[in-house]
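# Commentary on secondary and tertiary structure
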Amino acid sequence: MSDHEPDRMLAVFPDPAPIDVARTLDLSGYPWKAVKSGEVLDKLEPGSGWAGAIVDCSQDPESGWAICRALRRREDPVGRVIVLVTGAQLPDLEMRDDLFDDFCLAPVHPRELDSRLRHLFYADLAVSHESLIEYSDLVLNTETYQASVGGKPLDLTYMEYELLKFLAQNPGKVFSREVLLSRVWGYEYFGGARTVDVHIRRLRAKLGEEHANLIETVRSVGYRFGQSRWN
Amino acid sequence: MPVLGVGEKGVEMIEQQRDYVLRTVEERGIRLVRLWFTDVLGNLKSFAISPAEMENALNDGMIFDGSAIDGFSRVQESDVLALPDANTFEVLPWVDPKGAEARVFCDIAKLDGTAFDGDPRQVLRRNLNAAREMGYQFYVAPDIEYFYFDPPTVDSKPIPLDEGSFFDLTSSDITSSLRKETIRTLETMSIPVEYSFHEDSPSQHEIDLRQTDALTMADSVMTFRLVVKEIAALHKVHATFMPKPLEGVQGSGMHLHLYLFKDEQNVFHDGEDQYNLSSTAKHFIAGLLRHAAEITAVTNQNVNSYKRLVPGFEAPIHISWARNNRSGLVRVPVQKRNSDQATRIEYRSPDPACNPYLAFSVILAAGLRGIKEQYELPPEADSNLFEMGDDMLAKLGIEQLPQSMSDALHVMERSELVAETLGEHIFEWFLRNKRAEWRGYKTHISQYELNRYLRSL
């Protein structure tokens, strides 16, 4: 991951972390560590303490709630705990209000988890939000070079990623092929400016039908990302 | 490591590309990176490295013994260097995400870092650089045909999986869903598909790719062939690019739509001309026609290729051009609208078993030679040449493509154009290897001969 250990981190139970949770955290740029039981909570704790926790109670509720209790029972209790429960486990939440701050239904919907995290940790966690570019369902993390749409990761080549990043940083603006070529590619390429068309076509295919229209063709001018600011 | 044709900004870019690749390997949990390259015969070669070695590979390349690769090394200089082209890094979509794998195409270099003469990708790079020096960008869009069969066993005859024909809607067929799945996979691997349909023969399919620059397209053709075969194999079906697997029905071709751009203008287009063709386009076509026989061994490189190039199956046999005549070697498709961007030249002889890097190289070189030397374009041959007698063809000055691999090699051997385009290393090795293939074929006694001669003679 990054060169320096971020100061404040999320604890995620269990270890290994549920794949959707891990992916959502990575894509949104939250630093985290998986913990396998209450005993290692202290050992793995970063210098400035846990910023919060995501505890999956859907698979092993007993250990899950035990972790929640451990988090709260400490001298310096950990706030901002999200528990994951299945629909059938909703009654378990009763009488445990002191053990969590928010909950999310399992299996987790990445968009939902992301929204809840953002709400709980707004202005609190050292998430480098400058490194996130968001537009509608599309999220680009410029630090990890990862892109996702609707919470699902996009597999892009480097030039596809760079082109999408440039466009998403400048929504509503129209760019000619020549400008895109010089700003994004920057050096002479076998394909010339037509390369831009090739990459736009690929990006649309990878964004999928639902999001392909994020990149619009402006006839005889070039391309525009997102809505025109005049509409 | 050597950086090909890029300035300072380019170097910085390459640094970022490497960084991107390394981060993606980490973030996506890639377990294995496959380094891909192509041997002289057009076979995809691969060796895998662990993610830990990727940084090293990107910076310094990976040394391997090239003597095991067809057409690569002479024994005394067998070690070569695989240099990953970071821009071709892709996660492989058909691999289980838990053991995610990625691939990256490589250029092959000598240990001192200079381009290795035996690497087809470097050959195409060199020819594209020559075109760029003339101010041209060369784009290609192939229409690739292939067959689906039951998995073959030794000595078995190919068994088609359906009886559909051209444009048939055989929705219940497994082959249609295979084609759909293939297209989805191609799109996730940055290979945009323009059309796809059931071709004329049973179990034959065609997928048309949208044009890209020739280097990207040659990589795409290599990926395409693998994807088609992989997806088929997942469903226990065998996909083949053999040019003529079934007697009596159409074989598989790879028609190439060629585009040439200069300063973002399509230099093949001239709205004033009756064919919408510029003089550059006419010289280019003339170059293709004049050198067609010489480059055929490269565009049609197997004994079996020449069983496709016979009359009656929409494959070209005459060296001619026309607008709407599918019996000709070069076709100039009539455009739907008066769109200058769509003006292109279709070269119809290549088959999908060729080495795309070398085929694109010789085709480009033939066309550029026509432009440089201002070759005169012969008149359009718009009648059906298949129906014409030899004397009529002779009167029109229309010659035929080589009739066999032996003929094709004979013409190629005398071609200064092909020698220069491929470079001495590949030129010599290719002739030697293909001669051996021809000898093997020539000494084989076929069932056809036994049936025909054993009793009667």
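Our subject is the structure listed above.
All of these numbers come straight from a predicted model, not from anything done at the bench. (Residues numbered from 1 in each chain as written. Chains lettered and ligands numbered in written order. Predicted model: local features only at pLDDT ≥ 70, side-chain atom pairs only at ≥ 80, totals over all residues.)

Scanning chain B from N- to C-terminus turns up 13 helices and 16 strands. Computed over its C-alpha atoms, the radius of gyration of chain B comes to 22 Å, within 12% of the 23 Å expected for a compact globule of 457 residues. For chain B, the spread of C-alpha atoms along the three principal axes comes to 65 × 55 × 50 Å. The contacts of chain B with a sequence gap of at least 6 include a subset with a gap of at least 24, amounting to 71%. (Helix = DSSP H or I, 4+ residues; strand = E, 2+ residues; numbered from the N terminus. Rg over C-alpha atoms; globule rule 2.2 N^0.38 Å. Contact = placed C-beta atoms within 7 Å.)

Helix packing for two helices is described by the angle between their axes and how far apart those axes are. Residues and elements named next belong to chain A. Where helix H6 (residues 177-185) contacts helix H7 (residues 194-207), the two axes come as close as 8 Å, and the packing angle between them is 80 degrees. In terms of axis orientation, H6 runs roughly perpendicular to H7. Facing Arg 177, Leu 180, Leu 181 and Trp 185 of H6, the residues of H7 in contact are Thr 195, Val 196 and Asp 197. Of the residues in the contact of H6 with H7, the class split is four nonpolar, one polar and two charged. (Axes fitted to C-alpha atoms, helices over the stretch in contact; angles between N-to-C directions. Parallel < 35°, antiparallel > 145°, perpendicular 65-115°, else oblique. Nonpolar A, V, L, I, M, F, W, Y, C, P; charged D, E, K, R; others polar.)

In this model, Phe 13 of chain A is joined to Pro 14 of chain A through a cis peptide bond whose omega is 0 degrees. Within the secondary structure layout, Pro 14 of chain A lies in the loop between strand E1 (9-13) and helix H1 (19-28). Here the residue pair Asp 15 of chain A and Pro 16 of chain A is connected by a cis peptide bond, since its omega of 0 degrees sits within 30 degrees of zero. Of note, the phi angle at Tyr 145 of chain A is positive, near 65 degrees, even though the residue is not glycine. Considering the arrangement of structural elements, one finds Tyr 145 of chain A in the loop between strand E7 (138-141) and strand E8 (146-149). Phi is positive for Ser 190 of chain B, close to 65 degrees, though the residue is something other than glycine.

Just geometry here; none of it tells us what the structure is for.
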